[in-house]
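Here's the letter readout for the chains.
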Amino acid sequence: MKFATLAIAFATAVSGYTLLDSSNFAAKTKDGNWLVKYYSPTCPWSRRFAPTWEKVYSDLQDALAPKDVFFGEVDCKVDRALCDAADIDGYPTVVYYSAGVNKGEVPGGQSYESLVEYAQKI
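The paragraphs below set out a description of the structure included in this document.

Reading the values: rules and limits
Residues numbered from 1 in each chain as written. Predicted model: local features only at pLDDT ≥ 70, side-chain atom pairs only at ≥ 80, totals over all residues. Heavy atoms only, no water. Helix = DSSP H or I, 4+ residues; strand = E, 2+ residues; numbered from the N terminus. Contact = heavy atoms within 4.5 Å. Areas by Shrake-Rupley, 256 points an atom, 1.4 Å probe, with all protein chains shown as cover. Buried < 20%, exposed > 50% of the residue type's maximum accessible area, 1.4 Å probe, protein only. Pairing = 2+ DSSP bridges. Right-handed = clockwise from strand over helix to strand, strands pointing away. Salt bridge = Lys/Arg side-chain N within 4 Å of Asp/Glu carboxyl O. Expected span 1.5 Å × (residues − 1). Bend = angle between axes of the 7 residues up to and from the residue. Arc of directions from axis to C-beta. Core = buried A, V, L, I, M, F, W, Y, C linked by side-chain atoms within 4.5 Å.

Attention now moves to the overall build of the protein chain. Across its full length, the protein chain carries five helices and five strands. In the protein chain, the succession of α and β elements from N to C terminus is α-β-α-β-α-β-α-β-β-α. Counting contacts in the protein chain only where the partners sit at least 6 residues apart, residues at least 24 apart contribute 67% of the total. For the protein chain, the accessible area works out to roughly 6,900 Å², and carbon and sulfur atoms hold 58% of it.

What follows is the structure in structure tokens.
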């Protein structure tokens, strides 16, 4: 059990942002502001978007952390129920959450510029 916990913690630390699933989504997103990427690893658009998402996170993480803005992602192949609950109808989709409440899809959410501009306004 300890190994599984360490493996999950290591995977989260390696990606930098939080890997969200049914077991931690509500607890994590209830505090602060979250930009959550919903994706499918088999979707070509999700794979193309991955470097953009990584760059947004790496460029903004230090500036946004004091403002309680966090980044997370949900693998819809693994946790379809979370994606259905958020009304995700295409991949990738970035949704803004504030204090656990879905505030809607980030407009232009697949563009680096749009994501940075949106995140900086939170």
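Before going further, it helps to examine the pairing of strand β3 (residues 69–75). Across the seven residues that make up β3, a large majority, six, are buried. Where strand β1 (residues 18–20) lies against β3, three bridges are found, and the strand directions are parallel. Bridging across to β3, L20 finds its partner in V74. In the sheet, strand β2 (residues 33–39) pairs with β3 via seven bridges, with the strands oriented parallel. Note that in β3 the partner of Y38 across the bridge is V74. Between the parallel elements β2 and β3, the chain passes through helix α3 (residues 44–64) in a crossover that is right-handed.

This brings us to the pattern of salt bridges. Counted according to the given criterion, the structure contains five salt bridges. The salt bridge involving E73 is made with K37; its shortest N-O contact spans 3.2 Å. Of this pair, E73 sits in strand β3 while K37 is found in strand β2, placing the two residues 36 residues apart along the sequence. The same class applies to E73 as to K37, namely buried.

Turning next to α3. The end-to-end C-alpha distance of α3, which contains 21 residues, comes to 29 Å, matching closely the 30 Å that a straight helix rising 1.5 Å per residue would cover. The largest bend along α3 measures about 35 degrees and falls at A50, with the proline P51 one to four residues further on. When α3 is considered as a whole, its buried residues turn out to be S46, F49, W53, V56, Y57, L60 and L64.

If you check which residues of helix α5 (residues 112–121) are buried, you get L115, V116 and A119. For α5, the angular spread of the buried residues around the axis is 95 degrees, confining them to a single face. With respect to the buried face of α5, the exposed residues turned more than 90 degrees away are E113 and K121. In the core, the buried residues of α5 are packed alongside β2, α3 and β4 (93–98).

Glancing now at the nonpolar core. By size, the foremost hydrophobic cluster in this structure holds 16 residues, and its most contacted members are L35, W53, L60, F71, V94 and L115. Counting residues per element, the ones that place at least two in this core are α3, β3, β4 and α5. Per element, the largest residue contribution to this core is six residues, and it comes from α3. Setting aside residues up to four positions removed in sequence, L115 forms contacts with F49, W53, V56, V94, V106 and G109.

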